[in-house]
Amino acid sequence: MISNTSVNKFLEEMSALLNPDEIILIDGTENQLQELREIACKSGELIKLNEEKLPNCYLHRTAINDVARVEDRTFICTTKKDAAGPTNNWMDPADAYKMLYNIAKNSYKGKTMYVIPFSMGHINSSLSKIGIEITDSIYVVLNMAIMTRVGTAVLDKLGNSNNWVRGIHASCSIDENNRYICHFPEDNTIISVNSAYGGNVLLGKKCFALRIASYQGNWEGWLAEHMLILGIENKLGEVKYIAAAFPSACGKTNLAMLIPPEEYKKNGYKVWCVGDDIAWMRIGEDSRLWAINPENGFFGVAPGTNKTSNPNALATTSSDTIFTNVVLNLDDNTVWWEGLDENPPENAIDWMGKRWNGKVDKTPGAHPNSRFTSPAKNCPCLSREFENENGVPISAIVFGGRRAQTTPLVYESRDWNNGVFVGSIMASETTAAASGKIGKLRHDPMAMLPFCGYNMGDYFKHWLDMGGKLGENAPKIFNVNWFRTDESGKFIWPGFGDNIRVLEWILNRCENKVSAKETPIGFVPYSKDINLSGLDLSENKLNEILEVDKSIWQNEINDIESFYEKFGDNLPNELKSELQKLKNKLK
Ligand code: OXD
Ligand code: MN
């Protein structure tokens, strides 16, 4: 059935270890996927939703103890501990394999082993990479079939090559004390046990496209980043592309699918989504930086998604979607989540499977990290370059975090090295996307803290080297913060569609169309250069969120220094010198 020698050997070994009753190769046909949906509906793993209102849509509930990525149980397993660096959990590969194989042994007994050949990126693109995930979960198969390109076409592309990533997922008993998400970048292998939550088990996504791929990118000279990619079209029909990194659940999907406000629409502006979560970026033959989105769908956070915040995402979810951990409305067999509208269902089931009345019950009906998995092709603003095998050229790189204070609405770094410094000192308040405390400030360089598959000191060095190679073609690097609050804790900047006002300034800076004010941290806009027309925000308020307060930044320095200390000798000198420059400027 499969002619690739290395794949066959892997499947033989895995079937001996896991002991499934049956093995099914996912061929990518709609017929096979439909059969699996039906089996999952029979077993209760999926609930079929209202076919008229939500065609081909399903609901799934994970176990209550399995609702988010588990960073404390995520490991990078490299021969040398230093290769994983101070920001990753590390395990010796031999110990990890032994432990994981013990946990997973015979765990497919009575079950089917599904074999999913998948391609990250367009199957024909030279920038793409191939993986094979085995799993005992139909939910995983169906999600992978939305999020990646799956099927026998991938095996045809692979031929007899051994260059592919092995992904092993075993649900086991969803025991959180034996849950492990382990990466073996030296052998292109990922093993995930005792979870069935998306980010831990859709191994093409965070595990491969970020952790393993970032390691590969360091060797091969490219970047795998936690970034959305969007194109902004002006009235002349010219499209410029921006790649932007934000920590999880900070509005990446909303920004990637932004709908411009009326003033901008009138002036011919359009925004095109290339990707909402991951960018693979390489230096093209023209020496510019080119990006592809290796995914084929969106695994978006449901709560807060609505007709105003992200009408494009809502439209994207209106068919062919798997919803996870949202509310089931029993009246019409549709779904609901907090922030969808003001009309929660009264006759409903919450994400835990309990009866729920949205008018009376105080507990949220949907989990704060509940999700939708939808195909990219459903997105009304999907870029026509989405399938372009070469990707899109990047004009600007944007970093951003969730900071109530400190960081201005937007600032531009002085040059590439300073931009890498800006990315490396990113900090953000934590969200529900990962288990742990919410709202706690943590350093999250380039939004890659949970996703960098190697020593982050070496990762910074790699970024600096990429700048050296790009030379004068390097995109400009910016930082944004949509989340500054006033005394009463309310966000000052409206965000959502109005973020285009900031992106416009960014592109104007890339084209040297506007000047900017120099501050100790970089260049901030003159308020006159941010278009406020049609917006209920005074220039004074705008100036307030553009302000760089030296005393707050002096405190920030202490924080950066203690964060940097972790990296010891692996911290590149260029970043030490950028930090020194910042200190001098703040004096
Ligand atoms: C995601 C995440 O799911 O970052 O994209 O957690
Ligand atoms: Mn993400």
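Model, not experiment: these values are computed from the prediction.

A short note on the site of ligand 1
Around ligand 1 sit 10 residues in total, of which Arg-69, Lys-206, Ser-248, Asp-277 and Arg-371 are the nearest. A distance of 2.9 Å separates an oxygen atom of ligand 1 from a polar atom in the side chain of Lys-206. Interatomic distance of 3.3 Å between a side-chain N/O atom of His-226 and an oxygen atom of ligand 1. About the coverage of ligand 1: the protein hides 94% of its 210 Å² of free accessible area. For ligand 1, the cavity whose grid points lie within 2 Å of the majority of its atoms is the largest pocket.

Section: the sheet that holds strand S23 (residues 355–356)
An order of S21-S20-S22-S23 is seen for the 4 strands of this open sheet, with the pairing classed as antiparallel. Looking at strand neighbours, the two that pair on one side only are strand S21 (334–336) and S23, the edges of this open sheet. Pairing of strand S22 (residues 348–349) with S23 involves 2 bridges; the strand directions are antiparallel. Within S23, the position partnered with Ala-348 by the bridge is Trp-356.

A closer look at helix H15 (residues 539–546)
Along H15, the residues that are buried comprise Leu-542, Ile-545 and Leu-546. Projected down its long axis, H15 carries its buried residues within an arc of 105 degrees, all on one side. Buried residues in H15 make contact with strand S26 (410–412) and strand S31 (522–524).

Digging into the domain arrangement of the chain
Taken domain by domain, the chain holds domain 1 (5–44 + 72–221), domain 2 (224–294 + 383–586) and domain 3 (298–378). Here the C-alpha centre of domain 3 lies 29 Å away from the C-alpha centre of domain 2. Every contact between the two is made by 12 residues of domain 2 and, on the other side, 13 residues of domain 3. Summed over both sides, the interface of domain 2 with domain 3 buries roughly 970 Å², with 66% coming from carbon and sulfur. Our count for the contact surface shared by domain 2 and domain 3 stands at 0 salt bridges. Linking domain 2 to domain 3 there are 3 residue pairs in polar contact (both at pLDDT 80 or more). For the side of domain 2 that touches domain 3, a count of residues per class yields 9 nonpolar, 2 polar and 1 charged.

Let's talk about empty space enclosed by the protein
Following the criterion strictly, the structure yields 3 cavities of 30 Å³ or more and no others. The computed volume of the largest cavity comes to approximately 100 Å³. Taken together, 15 residues make up the lining of the largest cavity; nearest its centre are Arg-403, Thr-407, Met-426, Ala-427 and Asn-479. Looking at the lining of the largest cavity, the elements that each hand over two or more residues are strand S29 (476–480) and helix H16 (550–565). In this structure, the second largest cavity spans a volume of roughly 90 Å³. For the second largest cavity, the lining is made up of 13 residues, of which Arg-414, Asn-418, Pro-520, Ile-521 and Leu-582 are closest to its centre. For the lining of the second largest cavity, the elements supplying multiple residues, two or more each, are helix H12 (416–424) and helix H17 (573–586). Examining the composition of the lining of the second largest cavity, we find that 4 residues originate from one element, H17, more than from any other. The residue makeup of the lining of the second largest cavity, split by class, is 8 nonpolar, 1 polar and 4 charged.

What counts as what
- Residues numbered from 1 in each chain as written.
- Chains lettered and ligands numbered in written order.
- Predicted model: local features only at pLDDT ≥ 70, side-chain atom pairs only at ≥ 80, totals over all residues.
- Heavy atoms only, no water.
- Near = heavy atom within 4 Å.
- Polar contact = N/O pair within 3.5 Å; in protein donor to acceptor, adjacent residues only side chain to side chain.
- Areas by Shrake-Rupley, 256 points an atom, 1.4 Å probe, with all protein chains shown as cover.
- 1 Å grid on protein atoms, 1.4 Å probe; cavity = no way out; pocket = protein on both sides within 12 Å on 5 of 7 lines; lining within 4 Å.
- Sits in = over half its atoms within 2 Å of the grid points.
- Pairing = 2+ DSSP bridges.
- Helix = DSSP H or I, 4+ residues; strand = E, 2+ residues; numbered from the N terminus.
- Buried < 20%, exposed > 50% of the residue type's maximum accessible area, 1.4 Å probe, protein only.
- Arc of directions from axis to C-beta.
- Contact = heavy atoms within 4.5 Å.
- Domains from an automatic or database assignment.
- Buried area = accessible area lost by both parts, 1.4 Å probe.
- Salt bridge = Lys/Arg side-chain N within 4 Å of Asp/Glu carboxyl O.
- Nonpolar A, V, L, I, M, F, W, Y, C, P; charged D, E, K, R; others polar.
- Points joined across faces, edges and corners; volume = space filled by probe spheres on them.

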